[in-house]
Amino acid sequence: MPSRSLHLIALLAATAFLPRVVQAAGPDWPAVEDHAVQLLQRYVRIRSINPPADTRETAALLKAEFATGGLVAQLFDAGSNHINLMVRLPGRDRTKKPLILLNHMDVVPVDPKQWKQDPFGAQIEDGYLWGRGSLDMKSTAIIQLTALMLLKQQGIVPARDIVFLANCDEESDGRNGAGWMIAHHWAELDPEYVLDEGGVGSEDLYRAGRKVFGISVGDKQVVWLKLRAQGIAAHGSQPIPDNANDILLAAIEKARQFPATGKPDPVIAEMRANIGVFANNKFMNAVQQNTMSLTTLRSGVGDPPKPNVIPSIAEATLDCRLLPGQNAEEFVSDIKARINDRRVSVDLLSEPKDPGASRTDTPLFAAIKKAILAQNPDAVVTPIIVPYGTDAQKFRAKGVVSYGLMPFIADAATVATMHSDSERVPVDQFHKALHIYWDVLRSEF
Ligand SMILES: [Zn+2]
């Protein structure tokens, strides 16, 4: 313990000599905003596509940037060029567990033909910065980095340690990223809070004509099912009842009759109380109920498949997402019971986790809300569930209070460009988001 005490004394001595004048002056915001936009452009131009999620170049860029502010980034090699990066800014109270600023460096692939802009050009046009990862989630990572570096530059010692953690493969299953860091470096992480991607601000996404900022407190559970129908191969000229395609189609049809509403969810109830009538769009429809998407169909004999051969095997996958608090095992049993056909096997491909939603009665949640309202006084701020999965879920599974926030206002059409074509982030909102994050990190939490 003596070394710890000495360390604390050294820390107190160091903070005592910090020039208060610098703090009062505050950041040079126009310069900070310009620099952050340029850094985001350089970051988006790196093609950290998953697969293969090679994050050597993205990690090098972030490490070099942190170094300019005197912050040392540690790199963790999970193998196969899967690099994770961690930076720690010590806080006033080293006995408190840290806040982790969580982000991922990888992005999903693109179909360049569908883009008007170069998907890795990061060009600024019509007030947007365009490119894969501009929303999901390189912008939030640069905002987190900037806010952290500003604290250091301004000599502000945060309430507790803040750890910036950039992972490599969130866009697959995080096995080499957040999952790997949790498995191999938990002692260095062990956070009180995680702040990750998730909720966003919007004037039409949640409710038409109402400015709402969603802070995500829970993800839906991922239940991937593989259906495999076994029939008898035959000549297409003579129809048979044991056609694997017909068996599969009937099974899918029965599976799709699942009840979308399960147990009432307290977060959804709170959203209704805060927002009122929900907008009718794919995001809000998915947020408030259990969902199922038919994502793949595979069948036929030969490549390309022969039109005159009835195959003996036909397969499909169903991407199901359940609200927190729903029992995934019961859900899968229910689907099997609905299909109830010995010729069809149903296999679970994912490992659904249900850590439940994070509580909101924390100083951090209050600080985030206050920071959003300072920039957007007319906004409604509410906890939400997000329809997709994030790395935050892995930390919730460890009992960590985890929130998701991309603190920009974006319309539903812009939000829908994540994982789609013409992904973009509004530049003026990116500027505002820097202020929001800065306010959060220098608050008491
Ligand atoms: Zn993401």
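Bear in mind the structure is a predicted one, so any value in this text is a computation, not a measurement.

Enquirer: Give a description of the layout of surface pockets that names residues and reports values.
Expert: Estimated volume of the largest pocket: approximately 1600 Å³. Taken together, 45 residues form the lining of the largest pocket, with Val222, Trp224, Arg321, Tyr388 and Gly389 sitting closest to its centre. Of all the secondary structure elements, the ones that give two or more residues to the lining of the largest pocket are strand E9 (221-230), helix H9 (282-287), strand E11 (291-299), strand E13 (313-322), helix H12 (392-396) and helix H13 (412-415). When the residues that make up the lining of the largest pocket are grouped by side-chain class, the tally is 17 nonpolar, 14 polar and 14 charged. Residue contributions to the lining of the largest pocket reach at least three from each of two domains, namely domain 1 (27-218 + 357-441) and domain 2 (221-348).

Enquirer: I'd like to hear about the pattern of salt bridges, residue by residue, with values.
Expert: Tallying each qualifying case throughout the model produces 19 salt bridges. Its salt-bridge partner being aspartate 111, residue lysine 113 comes within 3.7 Å of it at the nearest N-O pair. Residue aspartate 111 is classed as partly exposed on the basis of its relative accessible area of 30%. The shortest N-O distance in the salt bridge between aspartate 242 and arginine 343 comes to 3.0 Å. Remark: arginine 343 occurs in the loop between helix H10 (328-339) and strand E14 (344-348) and aspartate 242 occurs in the loop between strand E10 (234-235) and helix H7 (244-255); sequence separation between them is 101 residues. We classify aspartate 242 as partly exposed; its relative accessible area is 27%. We classify arginine 343 as partly exposed; its relative accessible area is 32%. A network of salt bridges, in which partner residues are shared, links Arg88, Arg94 and Asp161.

Enquirer: Let's hear about H7: which residues, and what values?
Expert: Residues three or four positions apart in an α-helix share a direction because the helix packs 3.6 residues into each turn. Counted at 1.5 Å a residue, the expected span for H7 with its 12 residues is 16 Å, and the 16 Å between its end C-alpha atoms agrees. Residues of H7 that are buried include every one of Ala244, Ile247, Leu248, Ala251, Ile252 and Ala255, and no others. Along the axis of H7, the buried positions cluster into a sector of 130 degrees, meaning they face one direction only.

Enquirer: Summarise the sheet that holds E9; cite the residues concerned and give the values.
Expert: An order of E11-E13-E9-E14 is seen for the four strands of this open sheet, with the pairing classed as antiparallel. Two strands in the sheet have a free side with no partner beyond their single neighbour: E11 and E14. For this sheet the average axis-to-axis angle between neighbouring strands, irrespective of direction, equals 20 degrees. As paired elements, E11 and E13 share eight bridges and run antiparallel to each other.

Enquirer: Now, about the side chain of asparagine 103: what can you tell me, with residues and values included?
Expert: Mapping asparagine 103 onto the fold places it in strand E3 (residues 99-104). Exposure remark for asparagine 103: the relative accessible area of 1% places this residue in the buried category. Those residues within four positions of asparagine 103 in sequence are excluded, and the remaining contacts are Tyr43, Met137, Ala141, Gln144, Phe164, Leu165, Ala166, Asn167 and Asp196.

What counts and how
The numbers attached to residues start from 1 for each chain and follow its sequence in the written order. It should be noted that, the model being predicted, local features are given only for residues of pLDDT at least 70 and side-chain atom pairs only at 80 or more, the latter also being counted only at that level, while totals for whole chains, interfaces and linings use all residues. Heavy atoms from the whole structure form the basis of all side-chain values; hydrogens and water molecules are not counted. A pocket, in this scheme, is an open set of points on a 1 Å grid over the protein atoms alone with protein on both sides within 12 Å along at least 5 of 7 lines, while a cavity is a set where a 1.4 Å probe fits but cannot get out; residues line either one if an atom lies within 4 Å of a point. Grid points are joined across faces, edges and corners, and a volume is the space filled by probe spheres set on the points. What counts as a helix is a DSSP run of H or I of at least four residues, what counts as a strand is a run of E of at least two, and both are numbered from the N terminus. Amino acids are sorted into nonpolar (Ala, Val, Leu, Ile, Met, Phe, Trp, Tyr, Cys and Pro), charged (Asp, Glu, Lys and Arg) and polar (every other residue, Gly among them). Segmentation into domains, and thus their bounds, comes from an automatic or database assignment. Should a side-chain nitrogen of Lys or Arg be within 4 Å of a carboxyl oxygen of Asp or Glu, the pair is scored as a salt bridge. Accessible area is worked out with a 1.4 Å probe on protein chains only. A residue is then buried under 20% of its type maximum, exposed over 50%, and partly exposed in between. To estimate the expected span of a helix, count its residues, drop one, and scale the result by 1.5 Å. By definition, the arc is the one covered by directions from the helix axis to the C-beta atoms. Pairing between two strands is assigned when DSSP locates at least 2 bridges connecting them. To define axes, lines are fitted to C-alpha atoms, for helices over the stretch in contact only, and angles between the resulting N-to-C directions are given on a 0 to 180 degree scale. Note on contacts: a residue pair qualifies if any of its non-hydrogen atoms lie within 4.5 Å across the two residues.

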